[in-house]
Amino acid sequence: MFAPARRPLFLIVLAALAATVPSGVTASAARAAGMGADPTFDARRTLALGSGATDPRSLAVGDLDGDGRLDLVAGSAGGGTGAVSVLRGTGGGAFAAPLGSPFGLGTAGGVGAIALGDVNGDARPDVLAAIGSGTSDDDQLVPLAGDGTGALAAGAPLAVTGENLTGVALADLDGDGDLDALTSSMTATAVEQLGVVENAGGSGLALASATGAASTLLATALAAGDLDGDGTPDALVVSRNAGTGSAWVATDANLTLTPTTPVDVGADPVAVALADVDGDGDRDGLVLDGSAALVTLLRNDGAGALSATGIAVTGLTAGTGLATGDLNGDGAADLVVTDGAAGTVGVLRGDGTGDFADPTWTAAGAGARAPVVADLTGDGRPDVATADAAADALSLLPNAGAPAPEGTLSAPFGTETVGRTGAARTITVANTTAGAAALHVTGIATAGAAPDDFLVTGDDCTGQALASGATVTCAVRIRFAPSAAGARAATLRIRYATGASSTATADVALAGTGAVEPATATTTPSTTLDDGSTPAAAATPAATAAPTVPAPAATPVTAAKTPNLQPQAKKKTARLILTLSHRKLMVATGAPVVVGFALGRAARVVLRVKRAGRTVAIVRHPGREGRGSLKWDGRLGKAAAPKGTYRLDVYAAAADGRAARASIALTVK
């Protein structure tokens, strides 16, 4: 029967939690210098279980109502009258109970362990609860069908092998596409410790087999996952035995599992978890002891053979549960343990190479156990929740570490000639706040007063997750291409995730100066074609070209310059007129695009091809008064430009600083 005096953690292994258990967790007695900062938590929030629900022993997370937010599901012992409570996430760390919660089981016995998954094949999450019926060899599993709103309806219980069920997990053991079940039992019969339950689809659940490792007894917890690298789920089981704890793997062969040789762990194992702790691509095990301040790391050789290393957990008095997750955003998973006697949660920072720091402790509720690590507030940061058995409630510890992006420019853009493109500069982006969650970059763009003058020519940041403490960086490359003279300013806008569907932005200032190219002897005539006059600068060489007749040459020069002074002063301030041949264009993908233009006077012309607000190609033309054309080959690099809508921005800049701009809408079909 269910033994309330014990302190077992009933581990929940389910697909919904897989995303919250990152790889890279490591554990050893050494303390590495490369670890991130200690995570911090906002004030603890207490969550009620609902009327009549007491003594919560298990906790899981999943989206039961299909709204995209994680919900909490708790199994309560209730003094032998078990119930399952569903707390629907409503956003920002708030929770509401659906109609009818908590949900009864329709049979006697307290809930010890639960697992979440689609058991009945209707594409909605269900709950499978393990209960103790109070009679030997007659413990039961109760499926509770979810209706997609968060409500549950209990089905017929199934008697399984063993007594005092301590764990349940869901996995497709026979490869038929539906979830079968594994159970662990604190039975004194070795071969009944691990039960296998087949999901027969429309026929429901049926006991398939049972097994156990030789010389082991009293299984206290299990976890499911592929341990031997064959692509099928296996089981990792921990047994208390007669004063010497052990862990053993049962490898899958359809619905019959074969136990391997046990490995020694602490004398009182109460919780087990799976994660790739050494970064070699396979799953290792972590086992928490309930009587000693100890976690045992079980390194996996990739074929399911385990080797044990003991890790001291400073300050732990009565271990009741463990979980893993990257709480401080450094890219390495941390270890979360609960102390039921102290009502606290301890976080051991991992460094991703095999080391954990000493734990930092945070108050939870009385009898804290069964921790889960997941983003329960919707801000993109993993939080911690616990089942507080002695407080008849749940605790939520919101993660306080917000990511803080910061960009550093490699060198100033300086001054660049209008119509030309300067050398590339690099902006290095980092997540600078120690102990913050990882920074997930979702997009890069230029914004502000002159965004088109700063061209993003390389982006290594979008899609990256940057660990906290600036331990990992990414780079954005930008070139300055001023479209007008004078000070030009913009920002590089970094967009990053703050939750499942929300984002925030951070800006990096961009600044440069556009300069008009100085007039030369060969270009001066083209800059004065507005009135057809010859500039004084051009007349002076003509006078020196005939030194033998200085007197006649001097008189014509003076006479020629006098009537032209006033017209030239007038024309110099005239605005620059730019006219385009089309307002809309449509071409086939890969076809060249020709843009005709007309200028009222000479100017440099630049065509910028933009897609989704970003410059993807540039074409230049020296420009003269009158008609001309710009031709884009319709390609982005070596590939044809993809179908979609584009904007063709044409800029003209005259030698006197005057500028003009016009645009064409382009559709590539």
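A few points on the structure. Positions within a chain are numbered from 1, following the residues in the order the chain's sequence is written. pLDDT decides what is reported in this predicted model: residues at 70 or higher carry local features, side-chain atom pairs at 80 or more are listed and counted, and totals for whole chains, interfaces and linings draw on all residues regardless. Heavy atoms from the whole structure form the basis of all side-chain values; hydrogens and water molecules are not counted.

1. Some points on the state of the cysteines
- When the sulfur atoms of two cysteines come within 2.5 Å, that pair is taken as a disulfide. Scanning all chains against the criterion turns up one disulfide.
- Two residues share a disulfide in this structure: Cys461 and Cys474, whose sulfurs sit 2.0 Å from each other. As the torsion about the S-S bond is roughly 105°, the Cys461-Cys474 disulfide counts as right-handed. With a gap of 13 residues between them, Cys461 in the loop between strand E37 (454-459) and strand E38 (465-466) and Cys474 in strand E39 (residues 473-480) connect regions that are remote in the sequence. Secondary structure elements are taken from DSSP: a helix is a run of H or I of four residues or more, a strand is a run of E of two residues or more, and numbering for both begins at the N terminus.

2. Brief notes about the sheet that holds strand E47 (residues 626-632)
- The strand order across the open sheet built from three strands is E42-E44-E47, with neighbouring strands paired in antiparallel fashion. Looking at strand neighbours, the two that pair on one side only are strand E42 (578-580) and E47, the edges of this open sheet. Shown here is a sheet whose adjacent strand axes are inclined to one another by a mean of 30°, direction ignored.
- Note on pairing: two strands pair once DSSP finds at least 2 bridges between them. Both strand E44 (residues 593-599) and E47 contribute to a ladder of seven bridges, which runs antiparallel. When the bridges of E47 are listed, Val594 appears paired with Lys631. Fitted lines through C-alpha atoms give the axes, limited to the stretch in contact for helices. The angle between two N-to-C directions lies from 0 to 180 degrees.

3. Some details on the sheet that holds strand E23 (residues 284-289)
- On the basis of which strands lie adjacent, the open sheet formed by four strands has the order E22-E23-E24-E25 and antiparallel pairing. Only two strands of the sheet have a single partner each, and these edge strands are strand E22 (269-275) and strand E25 (306-312). Adjacent strand axes in the sheet meet at a mean angle of 20°, parallel and antiparallel pairs treated alike.
- Bridge count for E22 against E23 is six bridges, and the pairing is antiparallel. What sits directly across from Pro269, in E23, is Asp289.

4. Comments concerning unusual backbone geometry
- Put simply, Ser101 and Pro102 share a cis peptide bond, and its omega is 5°.
- Here Pro102 shows up in the loop between strand E6 (94-96) and strand E7 (103-104).
- With a phi close to 70°, Ala123 is a non-glycine residue in the positive phi region.
- Mapped onto the elements of the fold, Ala123 is located in the loop between strand E8 (111-117) and strand E9 (126-131).
- A positive phi angle is found at Asp392, which is not glycine, with a value near 55°.
- By the secondary structure assignment, Asp392 is in the loop between strand E31 (383-388) and strand E32 (393-397).

5. Overview of the side chain of Asp649
- Locating Asp649 in the fold gives a position in strand E50 (residues 644-653).
- Burial classes follow relative accessibility: with a 1.4 Å probe on protein chains only, a residue under 20% of its type's maximum area counts as buried, one over 50% as exposed, and anything between as partly exposed. On the accessibility criterion, Asp649 (0% relative accessible area) is buried.
- What qualifies as a polar contact is a pair of N or O atoms within 3.5 Å, subject to a donor-acceptor requirement within protein and to the restriction that residues adjacent in sequence count only when both atoms come from side chains. Side chain to side chain, Asp649 and Arg647 meet in a polar contact 2.7 Å long.
- In this structure the side chain of Asp649 is engaged in a polar contact, spanning 2.6 Å, whose partner is the side chain of Ser663.

6. Considering the environment of Gly121
- Tracing the chain through its elements places Gly121 in the loop between E8 and E9.
- For Gly121, a relative accessible area of 60% corresponds to the exposed category.

7. Focus: the nonpolar core
- What is meant by a nonpolar core is a set of buried Ala, Val, Leu, Ile, Met, Phe, Trp, Tyr and Cys residues, joined one to another through side-chain atoms within 4.5 Å. Counting residues in each nonpolar core, the largest one holds 28 residues, and the members touching the most others are Leu578, Val595, Leu607, Trp632, Leu648 and Leu666.
- Mapped by element, the contributors of at least two residues to this core are E42, strand E43 (584-587), E44, strand E45 (604-611), strand E46 (614-621), E47, E50 and strand E51 (659-668).

8. Here's the deal with the packing of aromatic side chains
- Each Phe, Tyr or Trp ring, with Trp reduced to its six-membered ring, pairs with another whose centre is within 6.5 Å; inter-plane angles below 30 degrees give stacked pairs, above 60 give edge-to-face pairs, and intermediate values give tilted ones. As enumerated under the stated definition, the model contains four aromatic pairs in all.
- Each ring, one from Phe413 and one from Phe480, has its centre 6.1 Å from the other, and the planes form 55°; the classification is tilted. Of the two residues, Phe413 sits in the loop between strand E33 (405-409) and strand E34 (415-417) while Phe480 sits in strand E39, which places them 67 residues apart along the sequence.
- With relative accessibility at 7%, the residue Phe413 sits in the buried group.
- Using a relative accessible area of 1% as the deciding quantity, one classes Phe480 as buried.

9. Some points on the pattern of salt bridges
- Take a side-chain nitrogen of Lys or Arg and a carboxyl oxygen of Asp or Glu: if they are within 4 Å of each other, that pair is a salt bridge. Within this structure, the stated rule accounts for 18 salt bridges.
- The salt bridge partner of Asp278 is Arg299, with a shortest N-O separation of 3.6 Å. With Asp278 in the loop between E22 and E23 and Arg299 in strand E24 (residues 294-300), the pair connects residues that are 21 residues apart, well separated along the chain.
- You can call Arg299 partly exposed: its relative accessible area is 25%.
- The closest approach of N and O atoms between Arg647 and Asp649, which form a salt bridge, is 2.7 Å.
- What makes Arg647 partly exposed here is its relative accessible area of 36%.
- Three or more residues are tied together by salt bridges with common partners; here these are Asp452, Lys610, Arg647, Asp649 and Arg661.

10. Describing the pairing of strand E4 (residues 71-76)
- Where burial is concerned, most of E4 is hidden: six out of the six residues are buried.
- Across the two faces of E4 the burial is the same, with Asp71, Val73 and Gly75 and Leu72, Ala74 and Ser76 all buried.
- Relative to E4, strand E3 (residues 56-62) runs antiparallel, the two being bridged by six bridges. In the sheet register, Gly62 faces E4, and the bridge partner there is Asp71.
- Direction of pairing for E4 relative to strand E5 (residues 83-91): antiparallel, over a ladder of five bridges. Bridging from a neighbouring strand, Gly75 pairs with Val84 of E5.
- In this structure, the hairpin formed by E4 and E5 is closed by a connection of six residues, where Gly78 is found at a positive phi of approximately 60°.

In short, geometric facts, not functional conclusions.
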